[in-house]
Amino acid sequence: MTTDNSRLLYERARQVTPGGVNSPVRSMRQVRPYPLFAERGEGAYVYDADGNRYVDLLCSWGPLILGHGHPAVVGAIKEQAERALTFGIASRLEVELAELLTSALPAVDELRFVSSGTEATMSAIRLARAFTGRDLIIKFAGCYHGHVDALLARAGSGAALSALPVSPGVPGKVAEDTIVLPYNDLGAIEQAFRERGDRIAAVIVEPIAANMGVVPPVEGYLVGLRRVTREHGALLIFDEVITGFRVGFSGAQGMFGLDPDLTCLGKVIGGGLPVGAYGGRREIMERIAPQGDVYQAGTLSGSPIAMAAGLAQLSELARDPEAYRRLRELGLTLEREMREAAAAAGVACTVQGAPGLLSAFFCEGPVRDQADTERNQIARYRAFWQSMAESGVLLPPAANEAIFPSLALGDTELEIIRGALPAAFRAAASAD
Ligand SMILES: *Cc1c(COP(=O)(O)O)cnc(C)c1O
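Residues numbered from 1 in each chain as written. Predicted model: local features only at pLDDT ≥ 70, side-chain atom pairs only at ≥ 80, totals over all residues. Heavy atoms only, no water.

**Remarks on the overall build of the protein**
Here's step 1: When its secondary structure is counted, the protein shows 14 helices and 15 strands.
Here's step 2: Here the C-alpha radius of gyration of the protein, 21 Å, is about what a compact globule of 432 residues would show, namely 22 Å.
Here's step 3: Projected onto its principal axes, the C-alpha coordinates of the protein cover approximately 55 × 55 × 45 Å.
Here's step 4: Taken over 432 residues, the protein has a buried fraction of 56%.
Here's step 5: In the protein, of all internal contacts separated by at least 6 residues, the share reaching a separation of at least 24 is 72%.
Here's step 6: About 18,000 Å² of surface is accessible on the protein, with carbon and sulfur atoms providing 50% of the total. (Helix = DSSP H or I, 4+ residues; strand = E, 2+ residues; numbered from the N terminus. Rg over C-alpha atoms; globule rule 2.2 N^0.38 Å. Buried < 20%, exposed > 50% of the residue type's maximum accessible area, 1.4 Å probe, protein only. Contact = heavy atoms within 4.5 Å. Areas by Shrake-Rupley, 256 points an atom, 1.4 Å probe, with all protein chains shown as cover.)

Laid out in structure tokens, this is it:
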């Protein structure tokens, strides 16, 4: 497999863009000397700049739940493009997509569209602080909520609850208002609320963590978060940017029967275009301007093209009552195949997932929080990734990330994956 065109593009790109990419993980540094550059996608496949074809198990980190170039989505985009690209005033498709989302998600009465998941979490936090009149935010180590200053925080040392910035440029003072706790540890949350409960505005959580690899909540954890936040008058924010319309049509909140105060959305709801949204209880959402006093705005928010793409994608999912069952089975099939191939190669590998999502960790399991993910052997993942790519399967180009199957996967593609796994796990077994 040659990737010379990707290398040439990378050489040009790094002259004009930091690291040659527009989002760090695209550098593929963990698994390759330089990034692959994509050229086009078609159904279950993505092609790189050298014409190599891969079964796409990344799917743009989740949005492409129907695969590449689904005719309903592309058709809707084309049709809308002919009408108008953007108005800067209200338009019908914003209403239609908002109606669809609020009727699908039990905990969302009203929502506001933004252009990315980051904007959604940033705005939800501002709103939670305004609504409660408090400043502190709790997040969990290993959960990712976009590159919001307050959420680029890691636990401070010792017993100090105040977090430290993860990145230069995030003021220490901003991180100080964030408390970072281990995921899946209800005791830690109860203690934080005992100590500072009257100052905590919100707890933000991925109800199924998928940004440290897939780490499902342990039994009772989310119910516990709901109870503790309610007891102390703090808001519970579900970041469903990944889980929304992936684990099922009503998101993780529907799956677990829980009612977060606010919900953040992105990825699947935009059909592959840049869309985010935050929503929740009416009483809270009505604090947003112009109804209320909390400012938040966006020139291209509710972009008609993006709304059309999202509507088309979600309508496809709504139309096919089998869609989510099929996606879940695809995920389970991949989990099983990976476990079997890992066992046959004699390599320690923990495969865990949630509906429509899965991960392979090169360590003993279970993986329940970020500390556990540190046992994942990245050298093994690198060897595994490279072998899969050589066999024509594109996986997330970093360890501790989720695999995103799409509904475009059919028997042919499963056969390609099945055929690729044994050599990849053998490569992993001999990489140290
Ligand atoms: C991707 C992601 C975000 C950030 O979304 P962007 O569109 O990349 O800004 C936020 N939360 C979660 C859970 C995500 O997976």
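That shown, we press on.
**A short note on the environment of alanine 13**
Here's step 1: Turning to its location among the elements, alanine 13 is positioned in helix H1 (residues 4–16).
Here's step 2: If we skip the residues at most four places from it in the chain, alanine 13 touches Gly20 and Phe37.

**Remarks on the packing of aromatic side chains**
Here's step 1: Using the criterion set out here, one finds ten aromatic pairs in the structure.
Here's step 2: Aromatic pair phenylalanine 140 and tyrosine 221: ring centres 6.0 Å apart, planes at 70 degrees, arrangement edge-to-face. With phenylalanine 140 in strand E5 (residues 136–140) and tyrosine 221 in helix H7 (residues 221–231), this pair connects stretches of sequence that are 81 residues apart. Like phenylalanine 140, the residue tyrosine 221 is buried in the burial classification.
Here's step 3: Note on phenylalanine 362 and phenylalanine 425: the rings are 5.9 Å apart at their centroids and 50 degrees apart in plane angle, and the pair reads as tilted. Of this pair, phenylalanine 362 sits in the loop between strand E14 (357–361) and helix H12 (370–373) while phenylalanine 425 sits in helix H14 (residues 411–429), placing them 63 residues apart in sequence.
Here's step 4: Among the residues examined, phenylalanine 425 registers a relative accessible area of 0% and is labelled buried.
Here's step 5: A cation sits over an aromatic face here: arginine 32 above tyrosine 34, 4.7 Å from the ring centre. (Phe/Tyr/Trp six-rings, centres within 6.5 Å; stacked < 30°, edge-to-face > 60°. Lys NZ or Arg CZ within 6 Å of the ring centre and 35° of its normal.)

**So, the domain arrangement of the protein**
Here's step 1: You can read the domains of the protein as domain 1 (4–69 + 322–430) and domain 2 (71–319).
Here's step 2: Distance from the C-alpha centre of domain 1 to the C-alpha centre of domain 2: 26 Å.
Here's step 3: Counting residues at the interface gives 30 residues for domain 1, matched by 30 residues for domain 2.
Here's step 4: Taken together, domain 1 and domain 2 are joined by zero salt bridges.
Here's step 5: Counting across the interface, domain 1 meets domain 2 through nine residue pairs in polar contact (both at pLDDT 80 or more).
Here's step 6: At the level of secondary structure, the elements contributing two or more residues to the side of domain 1 that touches domain 2 comprise helix H11 (323–345), strand E13 (350–354), E14 and H12. (Domains from an automatic or database assignment. Salt bridge = Lys/Arg side-chain N within 4 Å of Asp/Glu carboxyl O. Polar contact = N/O pair within 3.5 Å; in protein donor to acceptor, adjacent residues only side chain to side chain.)

**Section: the sheet that holds strand E15 (residues 393–394)**
Here's step 1: Taken together, the four strands give an open sheet; going across it, the order is E1-E2-E3-E15, and neighbouring strands pair in mixed fashion. Across the chains shown, the open sheet's two edge strands, defined by having one partner strand only, are strand E1 (38–42) and E15.
Here's step 2: Pairing of strand E2 (residues 45–48) with strand E3 (residues 53–56) involves three bridges; the strand directions are antiparallel. Counted as the bridge partner of tyrosine 45 is valine 55 from E3.
Here's step 3: The sheet contacts of H14 involve E2, E3 and E15, and relative to E3 the element is tilted by about 100 degrees. (Pairing = 2+ DSSP bridges. Axes fitted to C-alpha atoms, helices over the stretch in contact; angles between N-to-C directions.)

**Re the packing of helix H2 (residues 71–83) against helix H10 (residues 304–319)**
Here's step 1: Axis separation between H2 and H10 bottoms out at 8 Å; the angle between their running directions is 150 degrees. As judged from the angle between their axes, H2 and H10 are roughly antiparallel. Between H2 and H10 lies a crossing whose hand is right-handed. Each of Ala72, Val73, Ala76, Ile77, Gln80 and Ala81 in H2 lies in contact with H10, whose residues at this interface are Pro304, Ile305, Ala308, Ala309, Ala312, Gln313 and Glu316. (Parallel < 35°, antiparallel > 145°, perpendicular 65-115°, else oblique. Left-handed = near helix turned anticlockwise from the far one by under 90°.)

**A few points about the packing of helix H3 (residues 92–104) against H10**
Here's step 1: Across the interface, H3 lies against H10 with an axial gap of 9 Å and an inter-helix angle of 35 degrees. The chirality of how H3 crosses H10 is left-handed. Touching Leu93, Glu94, Glu96, Leu97, Leu100 and Leu101 of H3 are Pro304, Met307, Ala308, Gly310, Leu311, Leu314 and Ser315, all from H10.
Here's step 2: A breakdown of the residues in the contact of H3 with H10 according to their chemical character gives nine nonpolar, two polar and two charged. (Nonpolar A, V, L, I, M, F, W, Y, C, P; charged D, E, K, R; others polar.)

**Some words on the site of the ligand**
Here's step 1: Taken together, Ser116, Gly117, Thr118, Tyr144, His145, Gly146, Glu206, Asn211, Asp239, Val241, Ile242 and Lys267 make up the full set of residues near the ligand.
Here's step 2: In this structure, a nitrogen atom belonging to the ligand sits 3.3 Å away from a main-chain N or O atom of tyrosine 144.
Here's step 3: Take asparagine 211: an N or O atom from its side chain is 3.0 Å from an oxygen atom of the ligand.
Here's step 4: Taking 380 Å² as the accessible area of the ligand by itself, protein coverage stands at 82%.
Here's step 5: Split into classes, the residues belonging to the shell around the ligand amount to three nonpolar, six polar and three charged. (Near = heavy atom within 4 Å.)

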